Amino acid sequence: MILKETYSLANGVKIPKIGLGTWQIPDGEAAYGSVMAALRNGYRHIDTAAAYGNEKSIGKAIRDSGIPREEIFVTTKLPAECKGYDIAKECFEKSLSDLGLDYIDLYLIHAPWPWDKWGMDCTEGNVASFKAMEEIYKDGKAKAIGVSNFEPKHLQPILDHCSIVPMCNQINFHIGLRQEETVDFCKPKDIQIIAYSPLASGGIVEDEYIKKIAEKYHATIPQVCIRYCLQKGNVVIPKSTKEERIIANAQVGFEISDEDMAYLDQK
């Protein structure tokens, strides 16, 4: 069953290949219900972020699920605008408190720059933040650390000035957007790619080009999109608040042929 399959990060930590993404899921009943539905149906990887504003409900669902904590992989993120050693530590402790957990499985810098200052050079702040995260990791409060939305030019200073290579880079990745330069930079360094928005935030769920492949495999377009990301070696974190879709998103045990993968690569 795909939900039980994992990749091994550079430090040996196992990360489930499929997780539930929770971006744009409001705090409260929606976030709580989505996580409970996912866990009830075999998911063991939940992805959130301080910026999503839903950590409290997600943490409550994890605690209420009755599933042993060590069986659930939880990712959260340092807010993109928070750059620096002290603030990184403060933000981590707040996320830990809001989630109501004793540790985080994966802690990421959410973006190389603040969202409202896209493209800004924050090299110094990113390095300082990651150094704080290295200490958090060494203290055992985070089992793995990494980045999100980082291109090679953002990653290189971390590699140059920090002692730990980021274990993951969570990026926007889907059919039609493969970010090959970033992927090719990360893979030789054993930086695991985590694909968010595998359905292009819904932008390709009715795509006729992909539909041809979906029909061939008796699958839905979203299932083909998720399977495609998996076969590229990525962790995938599709988002949904509807239980039937959460279930369907994990029904991706089929294999897309090399020929059909090449076809999808042309999208």
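Higher on the page you've got the structure.
Bear in mind that the values here come from a model prediction, so they are computed numbers and not experimental data.

S.K.: I tried to follow the environment of Glu 181 on my own but got confused; where do I start?
M.R.: Position of Glu 181 among the secondary structure elements: in helix H6 (residues 180-186). Given the relative accessible area of 62%, Glu 181 is considered exposed. In this structure the C-alpha to C-alpha distance between Glu 181 and Pro 152, which are 29 residues apart in sequence, comes to 7.7 Å.

S.K.: Please clarify how the nonpolar core should be interpreted in this entry.
M.R.: Taken as a class, soluble globular proteins show a tendency for nonpolar side chains to be buried jointly. Phe 130 and Val 224 are the most contacted members of the largest nonpolar core, which has 88 residues in total. A per-element tally of this core places helix H8 (residues 221-231) first, with 7 residues.

S.K.: Teacher, can you tell me more about the sheet that holds strand S9 (residues 192-196) here?
M.R.: Hydrogen bonding along the main chain pairs the strands of a sheet, whether they run parallel or antiparallel. The sheet built from 8 strands is open, its strands ordered S3-S4-S5-S6-S7-S8-S9-S10 with parallel pairing. Of all strands in the sheet, those bounded by a partner on one side alone are strand S3 (20-21) and strand S10 (235-236). The sheet contact formed by strand S4 (residues 45-47) and strand S5 (residues 73-78) spans 3 bridges and is parallel. The partner of Ile 46 across the bridge, within S5, is Val 74. Most of the contacts of helix H3 (residues 85-99) go to S5, to which it runs at about 140 degrees, and overall it touches S5 and strand S6 (106-109).

S.K.: Which parts of the structure should I look at to understand the pairing of S6?
M.R.: Along any regular strand, the residues point their side chains to alternate faces of the sheet. In S6, alternate side chains face the same way, and those of Leu 106 and Leu 108 on one face and Tyr 107 and Ile 109 on the other are all buried. Viewed along the sheet, the connection from S5 through H3 into S6 turns out right-handed. With 3 bridges joining them, S6 and strand S7 (residues 145-148) adopt parallel strand pairing. Of the residues in S7, the one forming a bridge with Tyr 107 is Ile 145.

S.K.: Before we go on, may I ask you to explain the pairing of S7 in this structure?
M.R.: Neither face of S7 is left uncovered, since the one carrying Ile 145 and Val 147 and the one carrying Gly 146 and Ser 148 both have all their residues buried. This β-α-β element, S6 to helix H4 (residues 123-138) to S7, shows right-handed connectivity. Summarising the sheet, S7 and strand S8 (residues 168-172) pair through 2 bridges and their orientation is parallel. In the sheet register, Ser 148 faces S8, and the bridge partner there is Gln 170. In the classification by handedness, the crossover that spans S7, the intervening helix H5 (residues 152-161) and the parallel S8 is right-handed.

S.K.: Explain the pattern of salt bridges to me, please; I cannot follow it from the model alone.
M.R.: Within the structure shown, the criterion is met by 14 salt bridges. One salt bridge connects Lys 94 with Asp 98, and the closest N-O pair in it is separated by 2.7 Å. One end of the pair is Lys 94 and the other is Asp 98, both in helix H3 and 4 residues apart, which spans about a single turn. Residue Asp 265 pairs with Lys 232 through a salt bridge whose shortest N-O separation is 3.0 Å. Residue Asp 265 is located in helix H10 (residues 258-265), and its partner Lys 232 is located in the loop between H8 and S10; the two are separated by 33 residues in the primary sequence. Lys 232 gets classed as partly exposed once you look at its relative accessible area, which sits at 24%. Each of the salt bridges in this network shares a partner with another, and the network as a whole consists of Arg 178, Glu 180, Lys 232 and Asp 265.

S.K.: What should I look at first to understand the packing of aromatic side chains in this one?
M.R.: Aromatic rings considered in pairs are described by the distance between their centres and by the relative angle of their planes. Counted by the stated rule, this structure contains 6 aromatic pairs. Note on Tyr 209 and Tyr 263: the rings are 4.1 Å apart at their centroids and 5 degrees apart in plane angle, and the pair reads as stacked. You can see Tyr 209 sitting in helix H7 (residues 208-216) and its partner Tyr 263 sitting in helix H10, a full 54 residues away along the chain. Under the relative-accessibility criterion, Tyr 209 is labelled partly exposed at 26%. One aromatic cluster is present, formed by Trp 113, Trp 115 and Trp 118 through successive ring pairs. Lying over the aromatic face of Tyr 7, Lys 17 brings its terminal NZ or CZ to 4.9 Å of the ring centre.

Rules used in this analysis
Residues numbered from 1 in each chain as written. Predicted model: local features only at pLDDT ≥ 70, side-chain atom pairs only at ≥ 80, totals over all residues. Heavy atoms only, no water. Helix = DSSP H or I, 4+ residues; strand = E, 2+ residues; numbered from the N terminus. Buried < 20%, exposed > 50% of the residue type's maximum accessible area, 1.4 Å probe, protein only. Core = buried A, V, L, I, M, F, W, Y, C linked by side-chain atoms within 4.5 Å. Pairing = 2+ DSSP bridges. Contact = heavy atoms within 4.5 Å. Axes fitted to C-alpha atoms, helices over the stretch in contact; angles between N-to-C directions. Right-handed = clockwise from strand over helix to strand, strands pointing away. Salt bridge = Lys/Arg side-chain N within 4 Å of Asp/Glu carboxyl O. Phe/Tyr/Trp six-rings, centres within 6.5 Å; stacked < 30°, edge-to-face > 60°. Lys NZ or Arg CZ within 6 Å of the ring centre and 35° of its normal.

The values reported here are purely geometric and, on their own, carry no functional implication.
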